[in-house]
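Structure at a glance
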Amino acid sequence: MRITSESLPSRQVALTIEVEPERVEQAMRRVARRFSERYEIPGFRRGRAPYEVVLRTFGREAIFEEAVELLSQEVYREALDQLGLDPYGPGRLEQIQPEPLTFRVIVPLKPEVRLGDYRSLRVPYEPPQPTEEAVQEVLERLRRDNAIIEPLSEGTAEPGMMVTVALRARDAEGKTLLEDEFSFVLGQEAPPLPGLEERIVGMALNETRSFDLPWPGDPSRTLQVEATLTGLARYLLPDLDDALAQTVGDFETLEDLKAKIREDLAVHLRRQYDAEYAERALKALAEQAEVEFPPQMLEEEIDDLIEDLENTLRRRGQDLESYLKERNQTPEALREELRPQAEQRIRRGLILYQLAQEEGLSVPEEELEEEAGAVRQRLQVSEEAWQRLRPTVMSSLRSRLLLSRALERLVAIARGEAVSPVMAEASPAPEPEAEEAVPSSVEPSDPM
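Description of the structure in this document. Small disclaimer: the values here were computed from a predicted structure and weren't measured.

Time to look at the packing of aromatic side chains. Summed over the entire model, instances satisfying the criterion amount to 6 aromatic pairs. Both rings, one in Y125 and one in Y277, keep their centres 4.9 Å apart while their planes meet at 90 degrees; by these two values the pair is edge-to-face. Taken as a pair, Y125 in the loop between β5 (112-114) and α4 (132-145) and Y277 in helix α7 (residues 254-288) lie far apart in primary sequence, 152 residues in all. Here Y277 falls in the buried class, since its relative accessible area comes to 0%. Seen from the ring of Y125, R415 lies directly overhead, with NZ or CZ sitting 3.6 Å from the centre.

Now for the packing of α4 against α7. Where α4 meets α7, the closest approach of the two axes is 10 Å, and the angle between their N-to-C directions is 115 degrees. Seen from above, α4 lies across α7 with right-handed handedness. Across the interface between the two elements, E132, A134, V135, Q136, V138, L139 and L142 from α4 touch L254, L257, K258, I261, R262 and L265 from α7.

Of note, the amide linkage connecting E99 to P100 takes the cis form, showing an omega dihedral of -15 degrees. Mapped onto the elements, P100 comes out in the loop between β3 (92-97) and β4 (102-108). A positive phi angle is found at N206, which is not glycine, with a value near 75 degrees. As for its position among the elements, N206 is in the loop between α5 (196-200) and β9 (208-215). One non-glycine residue with positive phi stands out, namely Q380, at about 55 degrees. Structurally, Q380 is set in the loop between α11 (365-379) and α12 (383-414).

With that out of the way, let us pick up the sheet that holds β3. Strand order in the open sheet made by the 4 strands is β1-β2-β4-β3, with antiparallel pairing throughout. Every interior strand has two partners, whereas the edge strands, β1 (2-8) and β3, have only one. Taking each pair of neighbouring strands and ignoring which way they run, the sheet shows an average axis angle of 15 degrees. Against the sheet, helix α3 (residues 60-83) touches β1, β2 (12-18), β3 and β4, its axis set at about 55 degrees to β4.

Turning our eyes to something else, we now look at the pattern of salt bridges. This model, assessed by the stated rule, comprises 38 salt bridges. Linked by salt bridges that have partners in common, R11, E112, R114, E290 and E292 make up one network.

Along the chain, E369 turns up in helix α11. Residue class for E369 comes out partly exposed when judged on its relative accessible area of 35%. Along the sequence, E369 and E336 sit 33 residues apart, while their C-alpha atoms lie 39 Å from each other. With sequence-adjacent residues up to four places away left out, E369 is seen in contact with R390 and M394.

This paragraph deals with α12. Relative to the 46 Å expected for 32 residues at 1.5 Å per residue, α12 spans 44 Å between its end C-alpha atoms, a close match to the ideal helical length. At L389, α12 shows its maximal bend, which comes to roughly 45 degrees, and the proline P391 appears one to four places after that position. Backbone geometry just downstream of α12 places G416 in the positive-phi region, at approximately 75 degrees.

Interaxial distance between helix α8 (residues 295-315) and helix α10 (residues 331-358) falls to 8 Å at its minimum, and their mutual angle equals 110 degrees. Put simply, α8 runs roughly perpendicular to α10. In this structure, the crossing between α8 and α10 has a hand that is right-handed. Taken together, the residues of α10 that come into contact with α8 (itself represented by M297, L298, E299, E301, I302, D303, L305, I306, D308 and L309) are L334, R335, L338, R339, Q341, A342, E343, R345, I346 and L350. Each residue belonging to the contact of α8 with α10 can be placed in one class, and the counts come to 11 nonpolar, 1 polar and 8 charged.

Attention now goes to the nonpolar core. Ranked by size, the top nonpolar core spans 55 residues in total, and within it L320, I351 and L410 carry the most contacts. Breaking this core down by element, the ones donating at least two residues are α7, α8, α9 (320-326), α10, α11 and α12. Here this core gets 13 residues from one element, more than from any other, and that element is α12. Residues in contact with I351, not counting those within four places in the same chain, are V113, L115, L282, L285, A286, A289 and V291. Among the nonpolar cores identified, the runner-up in size contains 32 residues, and V31, A32, I41 and F103 belong to it.

Conventions we followed
- Residues numbered from 1 in each chain as written.
- Predicted model: local features only at pLDDT ≥ 70, side-chain atom pairs only at ≥ 80, totals over all residues.
- Heavy atoms only, no water.
- Phe/Tyr/Trp six-rings, centres within 6.5 Å; stacked < 30°, edge-to-face > 60°.
- Helix = DSSP H or I, 4+ residues; strand = E, 2+ residues; numbered from the N terminus.
- Buried < 20%, exposed > 50% of the residue type's maximum accessible area, 1.4 Å probe, protein only.
- Lys NZ or Arg CZ within 6 Å of the ring centre and 35° of its normal.
- Axes fitted to C-alpha atoms, helices over the stretch in contact; angles between N-to-C directions.
- Left-handed = near helix turned anticlockwise from the far one by under 90°.
- Contact = heavy atoms within 4.5 Å.
- Pairing = 2+ DSSP bridges.
- Salt bridge = Lys/Arg side-chain N within 4 Å of Asp/Glu carboxyl O.
- Expected span 1.5 Å × (residues − 1).
- Bend = angle between axes of the 7 residues up to and from the residue.
- Parallel < 35°, antiparallel > 145°, perpendicular 65-115°, else oblique.
- Nonpolar A, V, L, I, M, F, W, Y, C, P; charged D, E, K, R; others polar.
- Core = buried A, V, L, I, M, F, W, Y, C linked by side-chain atoms within 4.5 Å.

This is the structure in structure tokens:
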């Protein structure tokens with residue numbers, strides 16, 4: 001057997017495998033023996049018909065085709081062993097030449113990731129502090145939450161009053177698009193339809209008015225609206241003082257309340273900033289990293305995205321076929337639309353997985369078991385069902401937790417706070433909120 005290899009782009013290699021005529025003949029004889037054992041041949045007991053008789057009975061071409069199928073699996077495995085190749089997935093048989101019997105196979109290789117000098121990566125870390133404007137917004141919301149509402153039995157709608165309006169909105173064809181009752185404070189809260197406030201001001205209690213309003217999001221179209229003022233109330237905001245602070249919580253003074261608001265806003269801003277910071281750190285690492293993966297991996301990731309989409313549609317009572325029809329889109333066009341997203345997910349997942357390897361990160365079994373227990377509790381399945389699900393759940397959890405740890409380590413590196421991998425592993429930090437896509441499995445599949 002003679003093997004030549006040719007490196008191709010995107011982590012692929014082309015193998016040309018030429019098989020000796022003697023081995024082809026031996027394979028044909030093995031196939032002929034199987035035929036004679038499987039089928040009745042006149043004049044011979046099963047398994048006893050001579051080779052030449054089997055060839056005449058079934059045709060040399062049929063025997064040769066079976067032998068080629070048999071040899072394709074054998075020589076492919078042998079070629080992988082001889083060249084020391086560890087494929088990502090099944091090879092693709094691209095061409096067969098009968099004389100001499102030669103196979104050309106495209107082999108997808110496992111992804112390759114080079115992170116570069118990732119430990120020198122730095123991203124400025126400057127979490128924002130809450131502004132006084134933000135504190136005031138919270139205080140105003142608390143005032144509104146504690147407003148005194150005094151219903152009125154008569155009067156007209158004026159800015160600052162709380163109104164309740166029964167609305168009916170129709171399109172140009174008379175089809176009812178909205179029919180409901182809404183309450184809001186004139187001049188302080190957004191009305192259910194743009195432009196409604198101006199029409200409500202001056203209305204008397206129980207008065208009905210009809211008018212046209214622009215279609216939300218499309219001013220070229222109009223809505224025919226009928227509005228009835230069904231409720232009217234004074235809306236009195238409490239003063240911004242110590243009494244308000246004592247009303248909304250365990251605070252002595254307004255300054256105590258403000259201090260707590262600033263503290264809570266700072267925590268919220270920090271949490272939001274940390275998620276954005278992790279994203280920026282990962283983007284910075286991705287820009288310097290070199291990542292190569294086979295096309296097969298990308299197609300599998302697209303398959304996963306489509307499956308996620310189908311599950312989402314199913315929960316909404318829809319299906320993929322109807323979804324594509326609504327968008328006037330073909331399945332092929334959908335795959336192309338998802339391709340950039342799939343490629344980004346693969347790159348990010350592989351980068352984090354490589355970082356975890358280089359930093360020596362792992363997931364403690366007790367943490368994994370704790371997470372698995374939480375999943376089982378949420379699923380509420382029987383012991384038998386759980387045993388079937390457990391291997392898949394554990395694999396998914398292990399990948400997710402590992403990549404979360406890798407992202408956290410990346411954040412520490414980017415901030416210049418990373419300790420040595422051994423010390424960090426001895427005292428792991430909590431799992432970050434940002435969750436990354438788990439890369440597709442890189443375990444080899446059956447050849448060809």
